[in-house]
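The chain contents come next:
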Amino acid sequence: DRFHEVLKTFVEENLSDAEDLAEGALQVMLAYRELALYFDDLHSVYPPPNSEGDTRKDLCEIFHHFAWEIRKHCDEVESEHLREFIVASTTEEEEEE
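Residues numbered from 1 in each chain as written. Predicted model: local features only at pLDDT ≥ 70, side-chain atom pairs only at ≥ 80, totals over all residues. Heavy atoms only, no water.

## Topic: the pattern of salt bridges
Any two side chains of opposite charge can pair, on the condition that their charged atoms come close. This model, assessed by the stated rule, comprises five salt bridges. Here Glu78 and Arg83 are joined by a salt bridge, their closest N and O atoms 2.9 Å apart. (Salt bridge = Lys/Arg side-chain N within 4 Å of Asp/Glu carboxyl O.)

## Describing the packing of aromatic side chains
With the rule as written, the count across this model stands at three aromatic pairs. Ring plane angle 85° and centroid distance 5.0 Å describe the contact between Tyr38 and Phe39, whose orientation is recorded as edge-to-face. Ring geometry for Phe39 against Phe63: centres 5.8 Å apart, planes inclined by 50°, an arrangement best described as tilted. Taken together, the residues span a long stretch of sequence, with Phe39 in the loop between helix H1 (3-38) and helix H2 (42-45) and Phe63 in helix H3 (residues 59-79) at a distance of 24 residues. Judged by its relative accessible area of 46%, Phe39 falls in the partly exposed class. Grouping aromatic residues by their ring pairs yields a cluster made of Tyr38, Phe39 and Phe63. (Phe/Tyr/Trp six-rings, centres within 6.5 Å; stacked < 30°, edge-to-face > 60°. Helix = DSSP H or I, 4+ residues; strand = E, 2+ residues; numbered from the N terminus. Buried < 20%, exposed > 50% of the residue type's maximum accessible area, 1.4 Å probe, protein only.)

Structure follows, in structure tokens:
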């Protein structure tokens, strides 16, 4: 069986890349924890959930949903011409004074 020999060679040839990857993963986890601390909700989001049934929430999922909601509402502002409505309402109020 050459599995261990092949794997050892692979690790030796790619050790620098593997170490860089591990360092990047560590930095991501530290940033994740810092965000949880910043929002003062460490117990709800850290460490990240291990499964779908976990009671903790994934910060990446929370921010993704937040960004999606912002985009959705920006589109609504444009499609409903709300900017023009606000400008027109403000102009009418100023004229009445």
